[in-house]
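# Fold and contact review
These are the residues of each chain, in order.
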Amino acid sequence: MDKISRLTPFLSVSPQVTETDLGIIAAQGFKSIISNRPDGESEDQPSAADLAAAAERNGLDFRHVPVVSGKVTDHDVGDFTAALSEMRGPALAFCRTGARSCTLWALSEAHHLDPDAILSTTAAAGYELDALRPRLETRWRTEQIAGASGTVVPMQRMPTVAPYDVVVVGGGSAGIATASSLLRRRPSLSIAIVEPRDRHYYQPGWTLVGGGVFDRAKTERAMADVMPEGVRWIRAAVAGFEPEHNEVVLEDGERLAYRTLVAAPGIKLDWTGVEGLKETLGRNGVTSNYLFEMAPYTWELVQATRGGQALFTQPPMPIKCAGAPQKAMYLACDHWRRSGVLGDIDVSFNTATPVLFGVKDFVPSLMAYVERYGIELCVNANLKAIDGPARKAWFTVKDADGAIETVEKSFDMIHVCPPQTAPDFVRRSPLADKAGWIEVSPETLQHVRYGNIFGLGDACSAPNAKTAAAARKQAPVVAENVLSVLDAQGPRAIYDGYGSCPLTVERGKIVLAEFGYGGKLLPTFPFINAKKPSRLAWLLKEKLLPPIYWDLMLRGHEWLAAPERLPHEPGAHAAQEACDYTEPGKAKRA
Ligand code: FAD
């Protein structure tokens, strides 16, 4: 579990806790737990009801005092203070990172502790809340004057410190690679990366974990170890964008000012988008390689399945790594074939899309494997509900005339790829397009309305395949263009839509799908026949791509990823018009 920081003998704070952490917390002597997160804030978060039940089992008092990220109101502070006064100590309060809980404590103490004392206590606990100072001072002064507690102090916009040259939102594949590429070009830049997690994941490895090839530990590193030297890591979550002020708002209300912004917060896995899924995931034969914790369960199930029904599902596009749902299936079938049980298992691939794979050049090779493994291919079939204990799943299926019916299927095991959307705080922000993605020019990755903002990775609107391979090529493009904007010039680096999906059709062979905008084939290695299964491509995936990711991409070594540049002459390229420079924070177009 994450680090617990003591604020007072009565109260400690920590990032998100899980149901299994509560036993350890009780053993450490805590008597009470306060959750400050609203339910459903992120996909990997246990519900307050589940935590309350787990707390009761461990003899802990539990209170849910949810606080909206970025908006700690005086009312919230009142609720928090009231909860603390009624609970047994020592108590542990948590939110996503601990920052909101820390903020609540700081504001609850502001009537009798001076701001310096409060801020040095929070800093010693690992939470820099300097932006809270004006609010703490107002409370402190008001108390001194009024001589009474409980005075309501209105929320106010807090002044910010000097802007960073670059603020990066998200320390995933795209965010870390971009920051590293920027620093390689200009080490003097001041860069802050806002990232709430303390672990960084190599998600492309999860397919191999689910296929019994990798240990999951190989796909995880401490976030601190991948943070580029020279950046400031702000361990918090962004709650909102204020592009007109050149600021992002953190979930504790603090603001960060920037000259340029790089937004790369990834995609949201919507586990609630399939009724009953969240409740049964990880049990009853229901698994998904889309979670670090769950991928080993896929391999457990594959090994345990000797007959019956095996379902694999794929939601509507876009999703990250559109090939991953199929990859899980082919590796499972290959294991069953080698174990001599494939003939006893009915395997079906249920995809909400009308075709097996979006780029037609790769379909014949994949269809050959569908036939070889005897897989039933069900297109236009969208998983809607699941009942784990009853081992049943329901799909809406659209026929050729557009008529929709609900089809029930039984399963012994089911691998689910969840529906995916842009993160909520992006969808409701001024950066979003109609579908919720960060609206960027597909070529320059510059925001279409705010000239000093760039978006890349899974959260951006560019119509490429959402993959780490795409982020590897996008990061140098964004790095070049951010520097151009900081130098008051128009962006010149161009992204061609490259993405890659190594389709693991059997253990030891891969169809290496590499393509750009419009499905144009963009093979990196001329000696690998991209349309056919290849052993060399498997070696690349298993042995070379992990070190390329950790040691090159995340460190700004742009191997085979040098960006194409526009010529200087205006009008020389169709994309030039979209690249015209505007003042930071000013809308590019009306
Ligand atoms: P991520 O790497 O997901 O990072 C987003 C970061 O933003 C996270 O660290 C998150 O904590 C942070 N964040 C979220 N919300 C906030 C907030 N409010 N404030 C601040 N930070 C926030 N790609 C390939 O190239 N090849 C493959 O073979 C492949 N296989 C895959 C298999 C599976 C099972 C999966 C799940 C993915 C696979 N991918 C593959 C896809 C690849 O992992 C993603 O496309 C890539 O990680 C996207 O990078 P990103 O930086 O946009 O998002």
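Relevant structure appears above.
Residues numbered from 1 in each chain as written. Predicted model: local features only at pLDDT ≥ 70, side-chain atom pairs only at ≥ 80, totals over all residues. Heavy atoms only, no water.

## Notes on the overall build of the chain
Across its full length, the chain carries 16 helices and 28 strands. Relative to the 2.2 N^0.38 estimate, which gives 25 Å for 590 residues, the radius of gyration of the chain is 25 Å and therefore close to what a compact globule would have. Here the C-alpha coordinates of the chain stretch approximately 80 × 65 × 45 Å along the principal axes. Expressed as a percentage of its 590 residues, the buried residues of the chain come to 56%. For the chain, the exposed area adds up to about 23,700 Å²; of that, 51% sits on carbon and sulfur atoms. For the chain, the separation between the mean place of its 63 positive charges and that of its 69 negative charges on side chains is 4 Å. (Helix = DSSP H or I, 4+ residues; strand = E, 2+ residues; numbered from the N terminus. Rg over C-alpha atoms; globule rule 2.2 N^0.38 Å. Buried < 20%, exposed > 50% of the residue type's maximum accessible area, 1.4 Å probe, protein only. Areas by Shrake-Rupley, 256 points an atom, 1.4 Å probe, with all protein chains shown as cover. Lys, Arg positive; Asp, Glu negative; His and termini not counted. Charge placed at Lys NZ, Arg CZ, Asp CG, Glu CD.)

## Some details on unusual backbone geometry
With an omega dihedral of 0°, the bond running from Gly89 to Pro90 counts as a cis peptide bond. Note that Pro90 resides in the loop between helix H3 (74-86) and strand S5 (91-94). Here the residue pair Met317 and Pro318 is connected by a cis peptide bond, since its omega of 0° sits within 30 degrees of zero. Tracing the backbone through its elements, the reader meets Pro318 in the loop between strand S16 (308-314) and helix H12 (324-338).

## As for the pattern of salt bridges
A full pass over the atoms with the stated rule returns 27 salt bridges. As a salt-bridge pair, Arg133 and Glu137 come within 3.4 Å of each other at their nearest N and O atoms. With Arg133 and Glu137 both in helix H6 (residues 133-146), this residue pair falls 4 residues apart, about one helical turn. Classification of Arg133 as partly exposed rests on a relative accessible area of 29%. (Salt bridge = Lys/Arg side-chain N within 4 Å of Asp/Glu carboxyl O.)

## Description of the packing of helix H4 (residues 99-109) against helix H5 (residues 115-124)
Contact pair H4 / H5: the axes reach a minimum separation of 10 Å and the direction vectors enclose 160°. The angle between H4 and H5 places the two elements in the roughly antiparallel class. For the pair H4 and H5, the sense of crossing is right-handed. Every residue of H5 that contacts H4 at Cys102, Trp105, Ala106 and Glu109 is listed here: Ile118, Thr121 and Thr122. Counted by class, the contact of H4 with H5 contains 4 nonpolar, 2 polar and 1 charged residues. (Axes fitted to C-alpha atoms, helices over the stretch in contact; angles between N-to-C directions. Parallel < 35°, antiparallel > 145°, perpendicular 65-115°, else oblique. Left-handed = near helix turned anticlockwise from the far one by under 90°. Contact = heavy atoms within 4.5 Å. Nonpolar A, V, L, I, M, F, W, Y, C, P; charged D, E, K, R; others polar.)

## Thoughts on the site of the ligand
In the neighbourhood of the ligand, 35 residues make up the surrounding shell, with Ala174, Glu195, Lys327, Asp458 and Ala469 lying closest. Within the side chain of Ser173, one N or O atom sits 3.0 Å away from an oxygen atom of the ligand. In the model, a nitrogen atom of the ligand is placed 3.5 Å from a nitrogen or oxygen of the Val194 main chain. Relative to its unbound accessible area of 1,000 Å², the ligand is 93% covered by the protein chains. Counting only elements with at least two residues in the shell around the ligand, the list comes to helix H7 (173-185), helix H8 (206-210), H12, helix H15 (468-486) and strand S26 (499-506). Across the shell around the ligand, the residue classes break down as 17 nonpolar, 11 polar and 7 charged. (Near = heavy atom within 4 Å. Polar contact = N/O pair within 3.5 Å; in protein donor to acceptor, adjacent residues only side chain to side chain.)

## Quick notes on the packing of helix H11 (residues 295-304) against H12
At a minimum axis distance of 10 Å, the contact between H11 and H12 shows a crossing angle of 30°. On the basis of the axis angle, H11 is roughly parallel to H12. Handedness of the H11/H12 crossing: right-handed. Seen from H11, the contacting residues are Trp299, Val302 and Gln303; seen from H12, they are Ala332, His335 and Trp336. Tallied by class, the residues present in the contact of H11 with H12 amount to 4 nonpolar, 2 polar and no charged.

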